[in-house]
Amino acid sequence: MSESMQGLRRSHRCTEVSAAQIGTDVTVMGWVQKSRNKGGIIFVDLRDRSGILQIIFEESDCGPENFAKAEKLRSEFVIAVTGRVETRSGGENKNLATGAIEVRAESLRILSESETPPFPIEENSKTKEELRLKYRYLDLRRPDIQRNMMLRSNIAVLTRQFLAEEGFLEIETPTLIKSTPEGARDYLVPSRVHPGSFYALPQSPQIFKQLLMCSGYDRYFQLARCYRDEDLRADRQPEFTQIDMELSFVDVDDVLDVNERLMAKLFKELLNVDIPQPIPRMTWREAMDRYGSDKPDLRFGMELKNVSDVVRDCEFVVFKGALEAGGTVRGINAKGQGAMPRKKIDALVEFAKGFGAKGLAYVAIQPDRTRKSSFAKFMRDEEMEKLVSAMEGEAGDLLLFAADQNKVVWDVLGNLRLELARQLDLLKKDDFKFLWVTEFPLLEYSQEQERFVAMHHPFTMPMEEDWHLIDSDPGAVRAKAYDIVLNGTELGGGSVRIHQNDIQSKMFEVLGFTPEQAQEQFGFLLTAFQYGVPPHAGLAYGLDRVAMLMGGCDSIRDVIAFPKVKDASCLMCEAPSPVDIKQLEELRIEVSEETPAKA
Ligand code: ASP
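Each chain has its residues counted from 1, running along the sequence as written. Local features in a predicted model are, by the rule used here, given only for residues with pLDDT of at least 70; side-chain atom pairs are given and counted only at 80 or more, and totals for whole chains, interfaces and linings are based on all residues. Excluded from the side-chain calculation are hydrogens and water; included are all heavy atoms of the structure.

1. Side note on the sheet that holds strand 21 (residues 489-496)
Each pair of strands is called paired provided DSSP finds at least two bridges between the two strands. Numbering of helices and strands starts at the N terminus; helices are DSSP runs of H or I of at least 4 residues and strands are runs of E of at least 2. The sheet built from eight strands is open, its strands ordered 6-9-10-22-21-20-17-11 with mixed pairing. Looking along the sheet, the strands with just one partner apiece sit at the ends: strand 6 (169-170) and strand 11 (281-283). Note: strand 21 against strand 22 (residues 536-542), five bridges, orientation antiparallel. From the neighbouring strand, Gly-493 faces strand 22, where its bridge partner is Ala-540.

2. A closer look at the nonpolar core
What is meant by a nonpolar core is a set of buried Ala, Val, Leu, Ile, Met, Phe, Trp, Tyr and Cys residues, joined one to another through side-chain atoms within 4.5 Å. Only protein chains enter the accessibility calculation, which uses a 1.4 Å probe; a residue whose area is less than 20% of its type maximum is buried, one above 50% is exposed, and one in between is partly exposed. Core analysis: the biggest nonpolar cluster contains 104 residues, and Met-245, Leu-360 and Tyr-541 have the highest contact counts within it. Take this core: its biggest share by element is nine residues, from helix 6 (residues 252-271). In this description, contact between two residues means that some pair of their heavy atoms is separated by no more than 4.5 Å. In contact with Leu-360, other than residues within four places in its own chain, are Leu-348, Val-349, Ala-352, Ser-374, Leu-400, Phe-401, Ala-402, Val-412, Leu-413 and Leu-416.

3. Quick look at the side chain of Ser-308
Residue position: Ser-308 is located in the loop between strand 12 (305-306) and helix 8 (317-324). N or O atoms closer than or at 3.5 Å make up a polar contact, with two conditions inside protein: a donor-capable atom paired with an acceptor-capable one, and, for residues adjacent in sequence, both atoms drawn from side chains. At 2.6 Å, the side chain of Ser-308 and the side chain of Asn-306 are in polar contact. Setting aside anything within four residues of it in sequence, one finds Ser-308 in contact with Leu-323, Thr-328 and Val-329.

4. Looking at the sheet that holds strand 2 (residues 41-48)
As a general point, the strands of a sheet are linked pairwise by backbone hydrogen bonds and lie either parallel or antiparallel. Read around the closed barrel, five strands run 1-2-3-5-4, paired in mixed fashion. Neighbouring strand axes in the sheet, compared pairwise and without regard to direction, differ in orientation by 55 degrees on average. Note that strand 1 (residues 25-37) and strand 4 (residues 78-87) share seven bridges and pair antiparallel. Residue Met-29 lies in a different strand from strand 4, and its bridge partner there is Ala-80. In this analysis an axis means a line fitted to C-alpha atoms, helices contributing only their contacting stretch, and an angle means the value between N-to-C directions, from 0 to 180 degrees.

5. Some details on unusual backbone geometry
Here the amide bond leading from Gln-277 into Pro-278 is cis, since omega sits at -10 degrees, within 30 degrees of zero. By the secondary structure assignment, Pro-278 is in the loop between helix 6 and strand 11. With an omega dihedral of -5 degrees, the bond running from Ala-575 to Pro-576 counts as a cis peptide bond. Tracing the backbone shows Pro-576 in the loop between helix 14 (543-550) and helix 15 (581-587). In this model, Phe-249 sits at a positive phi of 60 degrees, which is unusual for a non-glycine residue.

6. Looking at the packing of helix 12 (residues 501-510) against helix 13 (residues 515-528)
Contact pair helix 12 / helix 13: the axes reach a minimum separation of 12 Å and the direction vectors enclose 160 degrees. Taken together, the axis directions place helix 12 and helix 13 in an arrangement best described as roughly antiparallel. Our pair here, helix 12 against helix 13, has a crossing hand that is right-handed. Between helix 12, through Asn-501, Gln-504 and Phe-508, and helix 13, the contact on the second element is made entirely by Ala-518, Phe-522 and Leu-526. Here the contact of helix 12 with helix 13 is composed, by residue class, of four nonpolar, two polar and no charged. Should an angle lie under 35 degrees it is considered roughly parallel, over 145 roughly antiparallel, and from 65 to 115 roughly perpendicular; all remaining angles are considered oblique. Take the far helix as your reference; a near helix turned counterclockwise from it by less than a right angle gives a left-handed crossing, and one turned clockwise gives a right-handed crossing. By the convention adopted, Pro, Cys, Tyr, Trp, Phe, Met, Ile, Leu, Val and Ala count as nonpolar, Lys, Arg, Asp and Glu as charged, and the other residues, Gly among them, as polar.

7. Side note on the packing of aromatic side chains
Only the six-membered ring of Trp is used, alongside the rings of Phe and Tyr, when aromatic pairs are assigned; centres must lie within 6.5 Å, and planes under 30 degrees apart are stacked while those over 60 apart are edge-to-face, with the rest tilted. Here the structure, examined in full by the defined rule, presents 18 aromatic pairs. Clustering of aromatic rings is evident, with ring pairs tying together Phe-316, Phe-319, Phe-375, Phe-378 and Phe-401. Should the NZ of a Lys or the CZ of an Arg lie within 6 Å of a ring centre and within 35 degrees of the ring normal, that charge is described as sitting over the ring. Taking NZ or CZ as reference, Arg-417 lies 4.0 Å from the ring centre of Phe-300, over its face.

8. What to know about the pairing of strand 10 (residues 239-248)
When you tally the buried positions in strand 10, you get nine out of 10 residues, the bulk of the element. Direction of pairing for strand 10 relative to strand 22: antiparallel, over a ladder of seven bridges. Bridge pairing in strand 22 places Gln-242 opposite Gly-542.

9. Description of the environment of Ala-80
Examined against the element boundaries, Ala-80 turns out to sit in strand 4. A relative accessible area of 2% places Ala-80 in the buried class. Between the C-alpha atom of Ala-80 and that of Ser-112, which follows or precedes it by 32 residues, the distance is 9.9 Å. Residues contacting Ala-80, with those up to four places away along its chain left out, are Leu-8, Val-28, Met-29, Ser-107, Leu-108, Arg-109 and Leu-111.

10. A short note on the site of the ligand
Working definition: residue near molecule or strand if any one of its non-hydrogen atoms lies within 4 Å of it. Among the 13 residues in the neighbourhood of the ligand, the closest are listed as Gln-206, Lys-209, Gln-242, His-456 and Arg-497. Contacts to the ligand include Ser-204, whose side-chain N or O atom sits 3.2 Å from a nitrogen atom. Gln-206 is positioned such that a nitrogen or oxygen atom in its side chain is 2.6 Å from a nitrogen atom of the ligand. Where accessible areas are quoted, they stem from the Shrake-Rupley method and a 1.4 Å probe; at the residue level, only the protein chains shown are allowed to cover. When isolated, the ligand has an accessible area of 270 Å², and the protein chains bury 89% of it.

11. Considerations on helix 9 (residues 342-353)
A helix is expected to span 1.5 Å multiplied by its residue count minus one. Between the first and last C-alpha of helix 9 there are 17 Å, a value that for 12 residues agrees with the 16 Å anticipated at 1.5 Å per step. Of the residues making up helix 9, those classed as buried are Ile-345, Leu-348, Val-349 and Ala-352. The arc enclosing the buried residues of helix 9, seen along the axis, measures out at 100 degrees, which places them on a common side. Contacts from the buried residues of helix 9 go to strand 14 (361-365), strand 16 (398-404) and helix 11 (406-423). Note: the arc covers the axis-to-C-beta directions of the helix.

This is the structure:
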């Protein structure tokens, strides 16, 4: 039996009721968290998104009819209660915001009943994620997820407020757009009106925001939904939200400035954390050399050291071979880990192999300064001394070395460094270390496509001082591109854009486009730029990542209301799904695989 709201009005959310209302009547509504019948007196924990409030039912206050209803209450029933606020009879519950008070019910309406939920609605759920995602609407009732959603909402609201105050206009761009194969794979949407033609869902509003600059809007932002049809890695979503922005008449510093103030505002107002201003900067090259990563986690040290020169003359074939092949030898010093058992070191070697290392060379310095090492026998004593001192190795330290092409060495040691930090519990979630990584390479060579591809995207401005290398050594040209990194996660990235047609044409040429292909794909942008385009630059954050790190969550699924799982499906609504054959016929689409459309 469900009762209606007729004549009833909620006066407070649960935790808005406080000692200030003692002696007055309130009307509260929400879900029954739990209900205990102590014979003649029924205690109900009432929950809404604000928290929990204790309600007491006694027949003498609420009358026999309401009391009979209260006896039927079970978890997740939705109820409305009017009653008097009192000091809590059983003493204060310090765990609750409303722990000093309770509401003595005078009337009760059961607004709707509930089946027993498939898992308890509680904080820190032990329920498997698959089950929670299948019943996401119930999972979303849990206080920790509700906190995440409220945090996310606050981030969005504050971002809008800040950017509006800074003179940005919020402008929407289309989500049915032209497919451009550069970048990740597009999600395609068939056109019924133009059979055989397809829209793409945007991977980002990139081209449109650049056109808005061309149109004079000067400063734009949008909380934009973006889509990328990638093979899903653990913590990716096929659709995600960007805080996307673009600014005219600016250079790198202007973009960085407004964004470090945005971050400072969010962190101060939502977490009471002070973000240093300005946020430190590091070039891509320095980040790779010191941390083996373009998104270094600065919560701990353990920096990489290039010891190529130190070991150049040694006879250890692994080092020698790598150096002769044009690679490097680099190491990290795991301070105080010299006593690590052999088994654990072997596991680190296996871990390193997962990132392309052929092996890992190590030196474990014992408390008495003797050394256990995988390669000492190939080294002269003074060579080893020199190596240890180059690594600032002291008694009790574990030195780990990788020797290979730079790219492999960086990747191996960069990841090993993080793995050690995880094992040693050095990664504190409430320690926020921001960093700008700047001067990314403009291009990167794709072995797969046997050509250079844009490291950021094809509209990124090269650094003027490197542009003369574009033909002779394209890989050495740096870009006016930057990423904002927090605790080893890339929160966002952007660049100054090319606004000169000659540079843009050259860029397309280097990327292997014929002028016709460039025209076919980006013609409208190139044409637009012939009508007066201001210098412009921009940046986009992954809002989901921002919320995840601010909320101290382990997964972006925890900050997305209805996320998808690794295979890009939704466990709740079961998308994607076969569609009616009639729908396909209208689109002139035939499915060739065994998986048929619904009859
Ligand atoms: N559109 C870019 C991206 O999604 C960001 C930017 O350059 O503004 O990565």
